[in-house]
Amino acid sequence: MKFTTKKLVTLALLSAIAYLVMLFTNWTPVGAAPFLVYDPKDAVIVIGGFIYGPLAVVMMSAVVSLTEMFTVSRDGFFGLAANMLSTCTFACTAVLIYRIRKNLLFAVIGLAAGVICVTGVMMLWNYLAVPPYRGWPREQVAPMIIPVFMVFNLIKSGINAALAVMLYKPVKLVFEKAGLN
């Protein structure tokens, strides 16, 4: 990816949109794990990745996650690490597969693979990282792996994948007309 001023500004704009989407549309669906929060920022980030590539995903994820950590998160570096890991796993997987052949089929396959990968990675992350971070015994976290962490990540990433599929084409067309791709 060649970093022109136009691309950097566009990535900053996409990051700001992702942050605002996170800020105004987040909610906590799981009472047993209050640190699990749904927001659709990953849909914005994966669209940016489809347009600019996997490095753009990492850059946008870092900007949004750091901004979130310093403004609204109560989870500090744990939340930052979880956000980065989750977003990059989902979006980079989708983008790398989409880059094989840039069409709807490969976008859907990439997003489906992203859903599967992020669900597995976040189940492992929550099993390994939640006990020391929250001070919970692993025996308390282990029964939550499938009914809480797996279900939450499947739903969260599934919704974000569907949003990305619905919004990608219109966003790409706007970017093309504005000369931003």
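Residues numbered from 1 in each chain as written. Predicted model: local features only at pLDDT ≥ 70, side-chain atom pairs only at ≥ 80, totals over all residues. Heavy atoms only, no water.

Enquirer: When you look at the pattern of salt bridges in this model, what are you seeing that I'm missing?
Expert: Any two side chains of opposite charge can pair, given that their charged atoms come close. Summed over all chains, the structure comprises 4 salt bridges. Residue Glu68 pairs with Lys41 through a salt bridge whose shortest N-O separation is 3.2 Å. Residue Glu68 is located in helix H3 (residues 54-71), and its partner Lys41 is located in helix H2 (residues 41-52); the two are separated by 27 residues in the primary sequence. Its salt-bridge partner being Arg134, residue Asp75 comes within 3.2 Å of it at the nearest N-O pair. Here Asp75 is found in the loop between H3 and helix H4 (76-98), whereas its partner Arg134 is found in helix H5 (residues 104-134), with 59 residues between them in sequence. For Asp75, a relative accessible area of 17% corresponds to the buried category. Arg134 sits in the partly exposed class, given a relative accessible area of 29%. When salt bridges that share partners are traced, they join Asp39, Lys41 and Glu68 into one network. (Salt bridge = Lys/Arg side-chain N within 4 Å of Asp/Glu carboxyl O. Helix = DSSP H or I, 4+ residues; strand = E, 2+ residues; numbered from the N terminus. Buried < 20%, exposed > 50% of the residue type's maximum accessible area, 1.4 Å probe, protein only.)

Enquirer: Would you mind showing me how to read helix H1 (residues 5-25) here?
Expert: Because each turn of an α-helix spans 3.6 residues, side chains separated by three or four positions end up pointing in the same direction. In this model H1 runs 30 Å from its N-terminal to its C-terminal C-alpha over 21 residues, within 8% of the 30 Å that 1.5 Å per residue would give. Within the sequence span of H1, burial applies to Thr10, Leu11, Leu14, Ser15, Ala18, Tyr19 and Met22. Buried residues along H1 sit against H2, H3 and helix H7 (145-178). (Expected span 1.5 Å × (residues − 1). Contact = heavy atoms within 4.5 Å.)

Enquirer: Quick question: what am I supposed to make of the packing of H3 against H4 here?
Expert: Two quantities define a packed helix pair, namely the angle between the axes and the distance from one axis to the other. Two elements in contact, H3 and H4, have axes separated by 9 Å at closest approach and are oriented at 155 degrees. Between H3 and H4, the angle falls in the class roughly antiparallel. Considering the relative orientation of H3 and H4, their crossing is right-handed. Of the residues in H4, those in contact with Pro54, Val57, Val58, Ser61, Ala62, Ser65, Leu66, Glu68 and Met69 of H3 are Gly76, Phe77, Leu80, Asn83, Met84, Thr87, Cys88, Ala91, Cys92, Val95 and Leu96. Classifying every residue of the contact of H3 with H4 gives 14 nonpolar, 5 polar and 1 charged. (Axes fitted to C-alpha atoms, helices over the stretch in contact; angles between N-to-C directions. Parallel < 35°, antiparallel > 145°, perpendicular 65-115°, else oblique. Left-handed = near helix turned anticlockwise from the far one by under 90°. Nonpolar A, V, L, I, M, F, W, Y, C, P; charged D, E, K, R; others polar.)

Enquirer: I'm lost on the packing of aromatic side chains in this one. Help?
Expert: The geometry of two aromatic rings is summed up by the distance between their centres and the angle between their planes. Under the definition given, this model contains 9 aromatic pairs. Both rings, one in Trp27 and one in Tyr38, keep their centres 6.1 Å apart while their planes meet at 55 degrees; by these two values the pair is tilted. Taken together, the residues span a long stretch of sequence, with Trp27 in the loop between H1 and H2 and Tyr38 in the loop between H1 and H2 at a distance of 11 residues. Looking at Tyr38, the relative accessible area reads 8%, which means it is buried. Where Phe50 meets Tyr168, the ring centres are 5.2 Å apart and the plane angle is 80 degrees; that geometry is what we call edge-to-face. Of the two residues, Phe50 sits in helix H2 while Tyr168 sits in helix H7, which places them 118 residues apart along the sequence. A single burial state applies to Phe50 and to Tyr168, both of which are buried. A network of ring pairs unites the aromatic residues Phe35, Phe78, Trp125, Tyr133, Trp136 and Phe149 as a single cluster. (Phe/Tyr/Trp six-rings, centres within 6.5 Å; stacked < 30°, edge-to-face > 60°.)

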